[in-house]
Amino acid sequence: MAPQGRSLGIDFGTSNSAAGYLSDGRPRLIELAPGQTTMPTTFFFDYDTRRTLIGDPANQALLDGVEGRFMRALKRVLGTGLMHEKRQILNRSVTFVEIIARFLNQIKIRAEAQTGLTFDRVLSGRPVVFHGTGDPREPLAEEDLRRCYLEAGFLEVDFLPEPQAAAIAAGALDQPGTIGLIVDVGGGTSDFSLFRSDGGGITILANHGVRIGGTDFDRAINIDRVMPLLGKGGLLRKAMGPGTSPIPNAIYNDLATWEKIPFVYTPQNRRMVAEMLRLAQQPDRLSRLARVLEDELGHDLAFAVERGKIAANAGEAQPRILLDQVERGLYAPLPPEALTDSLARHAAALAEGADETLRLAGIDAGDVRQVVYVGGSSLMSMVSGTMKARFPAAGHSFKDVFTAVTDGLAIAAGR
Ligand SMILES: Nc1ncnc2c1ncn2[C@@H]1O[C@H](COP(=O)(O)OP(=O)(O)OP(=O)(O)O)[C@@H](O)[C@H]1O
Ligand SMILES: [Mg+2]
């Protein structure tokens, strides 16, 4: 059957998703929830009702401590072996492909219900780079995402680089012939598009991306500031004989990595932590780790870190990560120096990403007239600070940070 309906633009994000279509020559975003044009890319499998929740209701279920399994940052799993592994969820054997497909199908259903239109085709955003240039998972990631859309009921699937979509939405700059740079730092990736504005439209000069996003910022802060409170960096007495050995880091790293959190609550890990607790020099700290595994608090911690990150970045007077769920009154201070410190290598990688984009196009930094920020993590002052140092003569604008990519996808989908 040949696709007949219209094309829906979908920005399937690591942290947030949105959809839109072209109506009377203008992008129109779908209300994915009442009054909301973006929704969290999150999932909650409720063990009791056996329902799968997505978006804000999924986040709320986690917050309410409902018995179930929460997942976020699944976009990072695209292209990896995990995508096609069967896992038992709600007594059904499912893959991540099916889980993501159901999410995308919900977007389709909501878009069609709201507009009365049929969307057989989708124009999906994709990061310029999912994993890394030359990484063998790179082509697989797009194939996985295509499979997800096909299983969601779309008959035709096309892709557009996310920053290129944002460049389309940014449209002509103030002066024809001038050059702009989109800096899209989201939850999972940082994407750059260098474009020349020519009258009504734009020409893309280069696209480039690196696998760095807000979830990596969360991870770095979590490992540096929170995990030591759970015993990371401590010592264990030897099970036999004198001497000590360092506590292994692996469980802390997994616990701080959004997409790995659902898989740390294994009987093996619980046994390992119980054994470490027996040998710990600082058992108080390890007993917190045991509690986090027992009560499955990994996502609560990660959300607490994310909130602390945003508050610290916003210049809150006493920035801290509140950890009351683990232990009443427990918190990790997050002063500005600590934030800068934890994110220093990400800042360097972003600077390098911008340089590489310029190199690909053969353009000098001084020729860039406007830097347009897109993506929630572009609100980090580390990001704009890094770019302002690179492009001191350019204008810097933050407009439609959360919806520019979807606007551009909607425009391009309608063409
Ligand atoms: N006010 C803020 N200050 C700093 N960071 C923020 C703010 N608001 C959101 N973020 C971060 O932005 C990220 C989400 O941004 P966004 O919704 O643009 O990502 P995404 O499109 O889902 O991801 P990607 O495009 O990488 O797949 C999260 O990591 C979140 O912590
Ligand atoms: Mg994005």
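The structure we're discussing is the one just above.
What this report covers is the structure whose coordinates are included nearby. What you see is a predicted model; the values in this text were computed from it and never measured.

Digging into the sheet that holds strand β5 (residues 42-46)
- The strand order β6-β5-β7 describes an open sheet built from three strands, whose pairing is antiparallel. The sheet is open, and its two edges are formed by β6 (52-54) and β7 (68-72), each paired on a single side. The average undirected angle you get between the axes of adjacent strands in this sheet is 15 degrees.
- Sheet analysis places β5 next to β7, joined by five bridges and oriented antiparallel. Within β7, the residue paired with F44 across the bridge is F70.

As for the site of ligand 1
- By nearness alone, 21 residues border ligand 1, and T14, S15, N16, G188 and E306 come closest of all.
- N16 has a polar side-chain atom sitting 2.6 Å from an oxygen atom of ligand 1.
- At the level of secondary structure, the elements contributing two or more residues to the shell around ligand 1 comprise α5 (214-226) and α9 (298-313).
- With three residues, the top contributor of residues to the shell around ligand 1 is α9.
- Each residue belonging to the shell around ligand 1 can be placed in one class, and the counts come to four nonpolar, 13 polar and four charged.

Points about the packing of aromatic side chains
- A complete count under the given rule lists nine aromatic pairs for this structure.
- Their ring planes at 65 degrees and their centres at 5.8 Å tell us that F70 and F303 sit as a pair that is edge-to-face. Remark: F303 occurs in helix α9 and F70 occurs in strand β7; sequence separation between them is 233 residues. Here F70 matches F303 in class, with each residue buried.
- R72 extends its terminal NZ or CZ atom over the ring of W258, reaching a point 4.3 Å from the ring centre.
- Here R320 stacks its cationic end above the ring of Y331, 3.8 Å away from the centre of that ring.

A word on the pattern of salt bridges
- A full pass over the atoms with the stated rule returns 21 salt bridges.
- Several salt bridges converge on common partners, so that one network encompasses R126, E138, E142, E143 and R146.

Things to note about the nonpolar core
- Residues V183, L230, L289, I321, L323, V383 and F391 are the most contacted members of the largest nonpolar core, which totals 70 residues.
- A total of six residues in this core trace back to one element, the largest contributor, which is α9.
- Core analysis: the second largest hydrophobic core is formed by 38 residues, I30, L74, M83 and V157 among them.

Points about the environment of G68
- Take G68: it is sitting in strand β7.
- With relative accessibility at 13%, the residue G68 sits in the buried group.
- For G68 and L90, which are 22 residues apart along the polypeptide, the C-alpha to C-alpha distance reads 8.9 Å.
- Apart from residues no more than four positions distant in its own chain, G68 is found in contact with F44, F45, Y47 and E296.

Structural notes on the sheet that holds strand β14 (residues 201-210)
- Taken in spatial order, the five strands line up as β14-β13-β12-β19-β20 in an open sheet, and their pairing is mixed. This sheet does not close on itself; its edge strands, each paired only once, are β14 and β20 (395-398). Strand-to-strand twist across the sheet, computed as the mean angle between neighbouring axes with direction ignored, equals 20 degrees.
- As judged from the seven bridges shared by strand β12 (residues 179-185) and strand β13 (residues 190-198), these two strands associate in the antiparallel manner. Bridge pairing in β13 links G180 to F195.
- On the sheet, helix α12 (residues 381-390) packs against β12, β13, β19 (368-374) and β20 and is oriented at approximately 170 degrees with respect to β19.

Parameters at a glance
Residues numbered from 1 in each chain as written. Chains lettered and ligands numbered in written order. Predicted model: local features only at pLDDT ≥ 70, side-chain atom pairs only at ≥ 80, totals over all residues. Heavy atoms only, no water. Pairing = 2+ DSSP bridges. Helix = DSSP H or I, 4+ residues; strand = E, 2+ residues; numbered from the N terminus. Axes fitted to C-alpha atoms, helices over the stretch in contact; angles between N-to-C directions. Near = heavy atom within 4 Å. Polar contact = N/O pair within 3.5 Å; in protein donor to acceptor, adjacent residues only side chain to side chain. Nonpolar A, V, L, I, M, F, W, Y, C, P; charged D, E, K, R; others polar. Phe/Tyr/Trp six-rings, centres within 6.5 Å; stacked < 30°, edge-to-face > 60°. Buried < 20%, exposed > 50% of the residue type's maximum accessible area, 1.4 Å probe, protein only. Lys NZ or Arg CZ within 6 Å of the ring centre and 35° of its normal. Salt bridge = Lys/Arg side-chain N within 4 Å of Asp/Glu carboxyl O. Core = buried A, V, L, I, M, F, W, Y, C linked by side-chain atoms within 4.5 Å. Contact = heavy atoms within 4.5 Å.

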